[in-house]
Amino acid sequence: KEGRHNTDLLDSYSPNQFKSKQKLEDMIHNYVDINSETEIVIFGGWYGSILIPMFKEVKKITLLDIDEKVNTIGKRIFAHYKNVEFRTEDVFGCNKLNQYKTANLFINTSCEHMAPMKEWPLWEWILRRNNPYFAFTSNNMFDIEGHINCVNNIEEFKKQLPDTSKVLTENEVTDQRGNRYLLVGKI
């Protein structure tokens, strides 16, 4: 019922979204021990449409998105998930959440919508408390509204990572609009 007239929500479940997020999930599971004690922070999580069900077995998922409407809908869709918290926050303006200290994995499948991850001011603070993994994606789809930080290729994307990052695996997914670049590693 929610998606009947909401094309944005429908797009969050599109075949292109499934294809890239499924590939990212496979990459994560090959390099990160995901279990009932894992805590995940998702930056720019949109509705959580695909990612939340992929990691439903974890201890905690904190999803940050700047769009309150998106979070309100996501909360309704995933109301039965007791381990998910939606927060309406600007990723670059959100200061020191407790979840940051205990997160094992930071996911950002919206890197093209925000400043480079190396510019996020809390990495150093987090690294004093934890040594988390990351799973980030970006793309070369410059002509899509809201894409303020696209990259031309995966090497350009790697230059946007925090200096302490070590890429464990990388991949590229092509669809009719362009290429998505996927990186999984350790901060």
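Summarised in this report is the structure supplied together with it. (Residues numbered from 1 in each chain as written. Predicted model: local features only at pLDDT ≥ 70, side-chain atom pairs only at ≥ 80, totals over all residues. Heavy atoms only, no water.)

## Focus on the layout of surface pockets
The computed volume of the largest pocket comes to approximately 700 Å³. If you trace the largest pocket, you find 33 residues lining it, with Gly44, Trp46, Asp65, Ser110 and His113 closest to the centre. Of all the secondary-structure elements, those providing two or more residues to the lining of the largest pocket are helix 1 (7-12), helix 2 (15-31) and strand 2 (60-65). In terms of residue count, helix 1 provides more of the lining of the largest pocket than any other element does, 3 residues in total. A class-by-class count of the residues in the lining of the largest pocket yields 11 nonpolar, 11 polar and 11 charged. (1 Å grid on protein atoms, 1.4 Å probe; cavity = no way out; pocket = protein on both sides within 12 Å on 5 of 7 lines; lining within 4 Å. Points joined across faces, edges and corners; volume = space filled by probe spheres on them. Helix = DSSP H or I, 4+ residues; strand = E, 2+ residues; numbered from the N terminus. Nonpolar A, V, L, I, M, F, W, Y, C, P; charged D, E, K, R; others polar.)

## Side note on the nonpolar core
For soluble globular proteins, the rule of thumb is that nonpolar side chains tend to be buried together. In this structure, Tyr100, Phe106 and Trp120 are the most contacted members of the largest nonpolar core, which totals 26 residues. Breaking this core down by element, the ones donating at least two residues are strand 1 (39-43), helix 6 (123-127), strand 5 (133-139), helix 7 (154-158) and strand 7 (178-186). For this core, the element with the most residues is helix 6, which contributes 3 residues. In contact with Phe106, not counting residues within four places along its chain, are Val41, Phe43, Tyr100, Trp120, Trp123, Ile126, Pro132, Tyr133, Phe134, Ala135 and Phe136. The next biggest cluster of nonpolar side chains, apart from the first, holds 25 residues, and it includes Met27, Ile61, Tyr81 and Val173. (Core = buried A, V, L, I, M, F, W, Y, C linked by side-chain atoms within 4.5 Å. Buried < 20%, exposed > 50% of the residue type's maximum accessible area, 1.4 Å probe, protein only. Contact = heavy atoms within 4.5 Å.)

## As for the pairing of strand 3 (residues 84-88)
Across 5 bridges, strand 2 lies against strand 3 in parallel orientation. Note on strand 3: the bridge partner recorded for Ile61 is Val84. Handedness of the crossover joining strand 2 and strand 3 through helix 4 (residues 68-77): right-handed. (Pairing = 2+ DSSP bridges. Right-handed = clockwise from strand over helix to strand, strands pointing away.)

## Things to note about the side chain of His147
Position of His147 among the secondary structure elements: in the loop between strand 5 and helix 7. Separated by 3.5 Å, the side chains of His147 and His113 make a polar contact. In terms of polar contacts, His147 uses its side chain to reach the backbone carbonyl oxygen of Met141, at 2.8 Å. (Polar contact = N/O pair within 3.5 Å; in protein donor to acceptor, adjacent residues only side chain to side chain.)

Remember that the coordinates give geometry; whether it matters functionally is a separate question.
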